[in-house]
Amino acid sequence: MSAHAIVHSSALDEVREVVPRVYAPHQTIVLERGGPLRAVLNAAAVGDTTVGYLRYGTEIRMIPAPLVSCYHINLPRQGFTESTSGDDSIISSPARAAVFSPGRPMTIRWSADCAQLAVKLDRAAMQTELEAILGRPAAPVQFDLGMDVAGGAGGSWLATLHLVLAEMERPESVIHQPLAGAHFSRLLVTTLLFAHSHTHSEALHRPAEVVRSRAVRQVVDLVQASPEEPYSAGDLAAHAGVSLRALQAGFGRELGMSPMAYLQDVRMARAHGDLVDADPDRTTTTAIAHRWGFGHLGRFAAAYRRRYGIAPSETLRRTR
């Protein structure tokens, strides 16, 4: 990726400033037993994804802040890293990548000879793709930390990454066109969702057609048709002709959430879709929130940030 050079430096202050700006905030500590710093970062954006090559030339410890708006995959091309995320830890190598999810404390120790491919995937894009595949709202995905890429499903994701890298090296490639680049970015997201274990893996690999009880199906159809209506939990139960307790039990058994949580998830997904597609010169986050039944803007903004990793106003500004 030499054509996409960002920084080549032995100055620690410069490296500490530039690398977090490209990926995510973190501290970089040079360990005493390492040699002189010789950092190289080559990176470029492909749609919502950042793909890069990074090495330090000496042993370092990286202490990132918990990720907020992205997922991050590190894959050594040589050397190794020791990575922790929450209570999990792994040693990464050319055959095993580390996959970091939002919200977990992290540390990464790089061997002196380590050089990695580093991929940053947009959290909102991941959420949108997950929900499109599942056909329903879903909690944010949390991946297992270690992903084997020597073969099997993980090898499919690595092959996809190699395709993206090869296209990035060709000046005439369509990947440099924004719309085409967005498709390559989405391919990395989709392949990761199917290739690596996470909190929705079982649902993702389940047969697409799920037979639901009549009451749950009726409420799901009502909510999908008009989620902006001011339904109460009692309204939803009355529509299905069952008691509220029976409806809550059915939703818990079949969808893993309450009827009102499902309603809020559908509203949030619709609001997110409008924010992505809207012209910021013609509408506001307030108007979109009200359109989908969110009366309290502070709670809407907080829930949106928990789900998509950014503020709704930032999503709207991205459409410019």
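Small disclaimer: the values here were computed from a predicted structure and weren't measured. (Residues numbered from 1 in each chain as written. Predicted model: local features only at pLDDT ≥ 70, side-chain atom pairs only at ≥ 80, totals over all residues. Heavy atoms only, no water.)

Visitor: When you look at the sheet that holds strand β3 (residues 39-46) in this model, what are you seeing that I'm missing?
Guide: Working definition: the strands of a sheet are paired by backbone hydrogen bonds and lie parallel or antiparallel to each other. As summarised here, the arrangement of the seven strands in space is β1-β3-β4-β11-β6-β9-β12, forming an open sheet in which the pairing is antiparallel. Here the strands that pair on one side only, and so sit at the sheet edges, are β1 (5-9) and β12 (146-148). Going across the sheet, the axis of each strand differs from the next one's by a mean of 20°, ignoring polarity. Pairing of β1 with β3, which is carried by four bridges, proceeds in the antiparallel orientation. Along β3, the bridge assignment pairs valine 7 with leucine 41. Along the sheet face, helix α1 (residues 12-22) touches β1, β3, β4 (49-55) and β11 (115-122) and points at about 160° away from the line of β1. Taken strand by strand, helix α2 (residues 123-134) contacts β6 (70-78) and β11, and its axis lies near 65° from that of β11. (Pairing = 2+ DSSP bridges. Helix = DSSP H or I, 4+ residues; strand = E, 2+ residues; numbered from the N terminus. Axes fitted to C-alpha atoms, helices over the stretch in contact; angles between N-to-C directions. Contact = heavy atoms within 4.5 Å.)

Visitor: Looking at this structure, how should I read the packing of α2 against helix α11 (residues 297-308)?
Guide: Where α2 contacts α11, the two axes come as close as 8 Å, and the packing angle between them is 85°. One finds that α2 runs roughly perpendicular with respect to α11. Along the contact surface, α2 presents Arg123, Ala124, Gln127 and Glu131, while α11 presents Arg305, Arg306, Arg307 and Tyr308. (Parallel < 35°, antiparallel > 145°, perpendicular 65-115°, else oblique.)

Visitor: Would you mind going over the sheet that holds strand β8 (residues 88-92) with me for this structure?
Guide: Spatial strand order, β2-β5-β10-β7-β8: five strands in an open sheet with antiparallel pairing. In this open sheet, the two strands that pair with only one neighbour each are β2 (26-30) and β8. Ignoring which end each strand starts from, the neighbouring axes of this sheet average 15° apart. Taken together, the five bridges between strand β7 (residues 81-85) and β8 define a ladder with antiparallel strand orientation. Counted as the bridge partner of serine 85 is aspartate 88 from β8.

Visitor: Please clarify how the environment of leucine 192 should be interpreted in this entry.
Guide: Positionally, leucine 192 belongs in helix α4 (residues 178-195). Exposure remark for leucine 192: the relative accessible area of 0% places this residue in the buried category. Considering only alpha carbons, one finds leucine 192 and tryptophan 157, 35 residues apart in sequence, at a separation of 6.0 Å. Ignoring any residue separated from it by four or fewer positions in sequence, one finds leucine 192 in contact with Ile73, Leu121, Met126, Phe143, Met147 and Trp157. (Buried < 20%, exposed > 50% of the residue type's maximum accessible area, 1.4 Å probe, protein only.)

Visitor: I'm lost on the layout of surface pockets in this one. Help?
Guide: If a probe as big as a water molecule is rolled over the atoms, it shows which places are left empty. Estimates place the volume of the largest pocket at around 790 Å³. Asp48, Ala125, Thr128, Ala182 and Val276 are, among the 26 residues lining the largest pocket, the residues nearest its centre. The set of elements that each furnish at least two residues to the lining of the largest pocket consists of α2, α4 and α9 (259-277). At seven residues, the largest contribution of residues to the lining of the largest pocket is made by α4. (1 Å grid on protein atoms, 1.4 Å probe; cavity = no way out; pocket = protein on both sides within 12 Å on 5 of 7 lines; lining within 4 Å. Points joined across faces, edges and corners; volume = space filled by probe spheres on them.)

Visitor: Is there a simple way to think about the packing of helix α6 (residues 214-225) against α9 in this case?
Guide: To describe two helices that pack against each other, one gives the angle between their axes and the distance between the axes. Across the interface, α6 lies against α9 with an axial gap of 10 Å and an inter-helix angle of 30°. Taken together, the axes of α6 and α9 are roughly parallel relative to one another. Note on packing geometry: the crossing formed by α6 with α9 is right-handed. For the pair formed by α6 and α9, the contact residues are Val220, Val223 and Gln224 on the first element and Tyr262, Leu263, Val266 and Arg270 on the second. (Left-handed = near helix turned anticlockwise from the far one by under 90°.)

Visitor: How do you make sense of the pattern of salt bridges when you look at a structure like this?
Guide: Working definition: two side chains of opposite charge can pair if their charged atoms are close together. One pass over the structure, following the stated rule, counts twelve salt bridges. Measuring nitrogen to oxygen at the nearest pair gives 2.8 Å for the salt bridge that ties glutamate 129 to arginine 186. A residue pair is termed long-range when its members are at least 10 positions apart, and glutamate 129 in helix α2 and arginine 186 in helix α4 qualify at 57 residues. Residue arginine 186 is classed as partly exposed on the basis of its relative accessible area, which comes to 48%. (Salt bridge = Lys/Arg side-chain N within 4 Å of Asp/Glu carboxyl O.)

Visitor: What is the right way to read the confidence of the model for the protein from this model?
Guide: Interpretation of this model should avoid reading the predicted coordinates in detail wherever pLDDT is low. Across the protein, the average pLDDT comes to 90, with 97% of residues at or above 70. Averaged over each element, pLDDT in the protein is lowest for helix α5 (residues 201-205) (86) and highest for strand β9 (residues 96-100) (97). (pLDDT = per-residue confidence, 0-100.)

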